[in-house]
Amino acid sequence: RLFRQEGTRYQQAKRVLHAAVPDRLHAREKETGIIRQFLRDHVCGRRPGSLYVSGAPGTGKTACVSRILLDCKDELAGSKTIVLNCMSLSSPQGVFPAVAQQLGLPAAAGREGVRRLEKQLTARGPMVLLVLDELDQLESKGQDVLYTLFEWPWLPGSRLVLVGLANALDLTDRNLARLGARPAGSPQLLHFPPYTRDQLTTILQERLGQVAGDPVLDAAALQFCARKVSAVSGDARKALDICRRAVEVVELEVRSQTLLKLLPGGE
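What you are looking at is a predicted structure, and each value in this text was computed from that prediction instead of being measured. (Residues numbered from 1 in each chain as written. Predicted model: local features only at pLDDT ≥ 70, side-chain atom pairs only at ≥ 80, totals over all residues. Heavy atoms only, no water.)

**Brief notes about the overall build of the protein chain**
Right, on to step 1. The helix and strand tally for the protein chain stands at 10 helices and 5 strands.
Right, on to step 2. Expressed as a percentage of the 267 residues in the protein chain, the buried residues total 43%.
Right, on to step 3. Long-range contacts, defined as pairs at least 24 residues apart, comprise 81% of the intrachain contacts of the protein chain with a sequence gap of at least 6.
Right, on to step 4. When the accessible surface of the protein chain is summed, it comes to about 14700 Å², and 53% of that surface belongs to carbon and sulfur atoms. (Helix = DSSP H or I, 4+ residues; strand = E, 2+ residues; numbered from the N terminus. Buried < 20%, exposed > 50% of the residue type's maximum accessible area, 1.4 Å probe, protein only. Contact = heavy atoms within 4.5 Å. Areas by Shrake-Rupley, 256 points an atom, 1.4 Å probe, with all protein chains shown as cover.)

What follows is the structure, encoded as structure tokens:
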């Protein structure tokens, strides 16, 4: 019975340390508010536009957007939401048939497919929210794919709101300089800074605080992990992975121990 209780605690600890979308994102209240307001202004307000979200891996970009889409599901119910991870595409040009499929359009390659999409996105209908994660995977010769996507919201009659997420802070300046020639054509920028030591410590404590009973990992160990990770990357996923691995090591040690109990009347 004692072993089963311990085993349950370790399983719970590993579950809460997984890099899933939490109910609340610590230290990202400001960024969450900006994204939420952008969606309300543009999707709910029927104003086409674009937002470019940058930040190193593990700084909460995808988690924030995913959390907001869940929380604002009712507000966005009147629009069409498309979420694509560009890592899953075989080529940068593959984004166009992927979007067309989500909009219920017949597949068409090359310029014909792009023209069909443009016609659809400028026709009357509900607003379309297109979220592209790992946007830097769409970089191509001449950056034609990225230029096309970021210019769609500014087509006459457009009903597209584009949100792109990528690691590079300067992707729009470096590869999309032509957008700057038109002030209205430049996307709104939002940067996610790396997590600090204190922020990572709080994130780990909040996650493990969901497990009942005595702490599974010592507070000093959490602070040590947060200090090391913040010095290298500020990647919250890395900190969660390290702690989850530590719990697995402890769990294996407990499994290998034999629990002896003195029998009644025994010496």
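**Concerning the sheet that holds strand β1 (residues 49-55)**
Right, on to step 1. The 5 strands lie next to each other as β2-β3-β4-β1-β5, forming an open sheet whose pairing is parallel. The open sheet has two edge strands, β2 (80-85) and β5 (188-192), and neither has a second partner. For this sheet, the mean inter-axis angle between neighbouring strands, taken without regard to orientation, is 15°.
Right, on to step 2. Relative to strand β4 (residues 160-166), β1 is paired through 6 bridges, and the arrangement is parallel. Looking at β4, one finds that Tyr-52 is bridged to Gly-164. (Pairing = 2+ DSSP bridges. Axes fitted to C-alpha atoms, helices over the stretch in contact; angles between N-to-C directions.)

**Considering the packing of helix α2 (residues 29-44) against helix α3 (residues 61-71)**
Right, on to step 1. Two elements in contact, α2 and α3, have axes whose closest approach is 10 Å; the angle formed by their N-to-C orientations is 50°. On the basis of the axis angle, α2 is oblique to α3. α2 and α3 meet at a crossing whose hand is right-handed. Where α2 abuts α3, its residues Thr-32, Ile-35, Arg-36 and Leu-39 lie against Cys-64, Val-65, Ile-68, Leu-69 and Asp-71. (Parallel < 35°, antiparallel > 145°, perpendicular 65-115°, else oblique. Left-handed = near helix turned anticlockwise from the far one by under 90°.)

**Remarks on the side chain of Arg-9**
Right, on to step 1. Checked against the element boundaries, Arg-9 lands in helix α1 (residues 2-16).
Right, on to step 2. The exposure class assigned to Arg-9 is buried, which follows from its relative accessible area of 17%.
Right, on to step 3. In this structure the side chain of Arg-9 is engaged in a polar contact, spanning 2.2 Å, whose partner is the backbone oxygen of Asp-214.
Right, on to step 4. Beyond its immediate chain neighbours, meaning those up to four positions away, Arg-9 contacts Val-211, Ala-212, Gly-213, Asp-214, Pro-215 and Val-216. (Polar contact = N/O pair within 3.5 Å; in protein donor to acceptor, adjacent residues only side chain to side chain.)

**Topic: the nonpolar core**
Right, on to step 1. If you look at the biggest cluster of nonpolar residues, it comprises 30 residues, and the most contacted ones within it are Val-95, Leu-132, Leu-138 and Leu-149.
Right, on to step 2. Contributions of two or more residues to this core are made by β2, α4 (95-102), α5 (110-121), β3 (128-133), α6 (144-151) and β4.
Right, on to step 3. If we skip the residues at most four places from it in the chain, Leu-149 touches Val-95, Phe-96, Leu-130, Leu-132, Leu-138, Leu-160 and Leu-162.
Right, on to step 4. Ala-27, Leu-204, Val-211 and Ala-226 belong to the second largest nonpolar core, which has 22 residues in total. (Core = buried A, V, L, I, M, F, W, Y, C linked by side-chain atoms within 4.5 Å.)

**Considering the pairing of β3**
Right, on to step 1. By the criterion of burial, β3 is predominantly enclosed, with 6 of the 6 residues buried.
Right, on to step 2. For the crossover that starts at β3, traverses α6 and ends in the parallel β4, the hand is right-handed. (Right-handed = clockwise from strand over helix to strand, strands pointing away.)

**Describing the pattern of salt bridges**
When their charged atoms lie close together, side chains carrying opposite charge are able to pair.
Right, on to step 1. Taken as a whole and assessed by the stated rule, the structure comprises 11 salt bridges.
Right, on to step 2. Here Arg-67 ties to Asp-23 by a salt bridge, and the two come within 3.6 Å at their closest N and O atoms. Taken together, the residues span a long stretch of sequence, with Arg-67 in helix α3 and Asp-23 in the loop between α1 and α2 at a distance of 44 residues.
Right, on to step 3. For Arg-67, a relative accessible area of 14% translates into the label buried.
Right, on to step 4. On the accessibility criterion, Asp-23 (72% relative accessible area) is exposed.
Right, on to step 5. Among the salt bridges present, the one from Arg-116 reaches Glu-112, with a minimum N-O distance of 3.4 Å. Of the two residues, Arg-116 and Glu-112 both sit in helix α5, 4 residues apart, roughly one turn of that helix.
Right, on to step 6. Look at the salt bridges and you will find they share partners, linking Asp-23, Arg-67 and Asp-71 into a network. (Salt bridge = Lys/Arg side-chain N within 4 Å of Asp/Glu carboxyl O.)

**Focus: the environment of Pro-193**
Right, on to step 1. Looking at where Pro-193 falls in the secondary structure, it is placed in the loop between β5 and α8 (197-208).
Right, on to step 2. Sequence spacing of Pro-193 and Ser-54 is 139 residues, and the spatial spacing of their C-alpha atoms is 8.7 Å.
Right, on to step 3. Excluding residues that lie within four positions of it along the chain, Pro-193 makes contacts with Arg-28, Glu-31 and Thr-59.

**A closer look at helix α9 (residues 219-232)**
Right, on to step 1. The terminal C-alpha atoms of α9, which comprises 14 residues, lie 20 Å apart, in line with the 20 Å expected from a rise of 1.5 Å per residue.
Right, on to step 2. Buried positions along α9 lie against α8 and α10 (236-256).
Right, on to step 3. For α9, the side-chain oxygen to backbone nitrogen distance between the N-cap and Ala-220 is 3.0 Å, and the N-cap itself is Asp-218. (Expected span 1.5 Å × (residues − 1).)

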